[in-house]
Amino acid sequence: EVRGAAHPNSGYRHEITHTLQMAEDLPNALQPILDGIPQAFDLTDELYLAPVFEGDVIPLIRSSHTFTEDGFYSATLALQGQMFSREGWSHPQGSNLVGWVKRAQNSPLVYLQPGDGPDTYANPHYRKLVENAIRWAASDGAKEWARSA
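The sections below set out a description of the structure shown in this document. (Residues numbered from 1 in each chain as written. Predicted model: local features only at pLDDT ≥ 70, side-chain atom pairs only at ≥ 80, totals over all residues. Heavy atoms only, no water.)

1. Remarks on the overall build of the protein
Condition: Starting at the N terminus, helices and strands are each numbered in turn, a helix being any DSSP run of H or I of at least four residues and a strand any DSSP run of E of at least two. What the globule rule says is 2.2 Å times the number of residues to the power 0.38, and the radius of gyration is computed from C-alpha atoms. Each residue is placed in one exposure class: buried if its accessible area under a 1.4 Å probe, protein chains only, is under 20% of its type's maximum, exposed if it is over 50%, and partly exposed if it falls in between. Two residues form a contact once any of their heavy atoms are found within 4.5 Å. In this count, Lys and Arg are taken as positive residues and Asp and Glu as negative ones, while His and the chain termini are left out. Just so you know, the charge point we use is NZ for Lys, CZ for Arg, CG for Asp and CD for Glu.
Helix and strand content of the protein: 4 helices and 6 strands. Its helices and strands in sequence order give the protein the pattern β-β-β-β-α-β-β-α-α-α, from N to C terminus. Taking 2.2 N^0.38 as the reference for a compact globule, 149 residues should give roughly 15 Å; the C-alpha atoms of the protein span a radius of gyration of 16 Å, in line with that estimate. Within the protein, the fraction of its 149 residues that count as buried is 36%. Sequence separation of 24 or more characterises 72% of the internal contacts of the protein that already satisfy a separation of 6 or more. Within the protein, one finds 11 positive and 18 negative side-chain charges whose respective centroids are separated by 8 Å.

Laid out in structure tokens, this is it:
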């Protein structure tokens, strides 16, 4: 159950090579998160088909992967020993938003879905993105942004 509504178990997909596309219209206060990051770059990582409430966040990064049940496997079936199965599992289309920013009360929060394995952390663009996100979230400017709502 998610926000009071029934929702199927999330899907997963290992080792997907996809393109990450950075948001182009970020507010100035959020720009430091993407400083030095190309507008798009490829990454091989695990993806998840889970609820994303886009109306509650500021989009930061989108994936080129198609977020439909055909592109994922059931997490519950995997836990039951049926890896790479979607038998009897259905899931509504999901969001391709894999990075976002929001205020958590008076705190700045950056969410980055990638980060499952060594290939991801070997990518210099991803390492720079993680560094930028941490530095931004810890900055006085980010704290001021979060309190300004």
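2. Notes on the side chain of Ser85
With respect to the secondary-structure elements, Ser85 resides in the loop between helix 1 (75-79) and strand 5 (97-104). Aside from chain neighbours lying at most four places away, what touches Ser85 is Tyr73, Ser74 and Leu77.

3. As for the packing of aromatic side chains
To keep things clear, this is the line we draw: Pairing of aromatic rings covers Phe, Tyr and Trp, the last counted by its six-membered ring, and requires centre-to-centre distances within 6.5 Å; plane angles under 30 degrees mean stacked, over 60 mean edge-to-face, and any other angle means tilted.
For the structure on display, the rule yields 7 aromatic pairs. The interplanar angle of 50 degrees and the centroid separation of 6.0 Å between the aromatic rings of Tyr12 and Tyr73 together place this pair among those described as tilted. Taken as a pair, Tyr12 in strand 1 (residues 11-22) and Tyr73 in strand 4 (residues 73-74) lie far apart in primary sequence, 61 residues in all. Ring plane angle 50 degrees and centroid distance 6.5 Å describe the contact between Tyr12 and Phe84, whose orientation is recorded as tilted.

4. Section: the environment of Lys128
Structurally, the position occupied by Lys128 is in helix 3 (residues 124-137). A relative accessible area of 32% means that Lys128 is categorised as partly exposed. Once residues within four sequence positions are removed from consideration, Lys128 is found in contact with Asp35 and Ile37.

5. Some words on the nonpolar core
Note the cut-off: Residues belong to a common nonpolar core when they are buried Ala, Val, Leu, Ile, Met, Phe, Trp, Tyr or Cys residues joined through side-chain atoms within 4.5 Å.
Ranked by internal contacts, the top residues of the largest apolar core, which has 29 residues, are Ile33, Leu60, Ile61 and Leu129. Every element with two or more residues in this core is listed here: strand 1, strand 2 (40-49), strand 3 (58-63), strand 5, helix 3 and helix 4 (140-147). Excluding its chain neighbours within four sequence positions, the residues that come into contact with Leu129 are Ile33, Leu34, Ile37, Ile61 and Leu112.

6. So, helix 3
Quick note on the threshold: The span you would expect from a helix comes to 1.5 Å times its residue count less one. Regarding the arc, it is the one traced by the directions from the helix axis to the C-beta atoms. A 3.5 Å cut-off defines polar contacts: any pair of N or O atoms within that distance qualifies, except that in protein one atom must be a possible hydrogen donor and the other a possible acceptor, and neighbouring residues in sequence count only when both atoms are side-chain atoms.
Between its first and last C-alpha, helix 3 extends 20 Å over 14 residues, near the 20 Å set by a 1.5 Å rise per residue. Taken together, the buried positions of helix 3 are occupied by Tyr126, Leu129, Asn132, Ala133 and Trp136. The arc that holds every buried residue of helix 3, seen down its axis, measures 120 degrees, which confines them to one face. Opposite the buried face of helix 3, at more than 90 degrees from it, the exposed residues are Ile134 and Arg135. Those residues of helix 3 that are buried are in contact with strand 2, strand 3, strand 5, strand 6 (107-112), helix 2 (118-122) and helix 4. For helix 3, the side-chain oxygen to backbone nitrogen distance between the N-cap and His125 is 2.8 Å, and the N-cap itself is Asn123.

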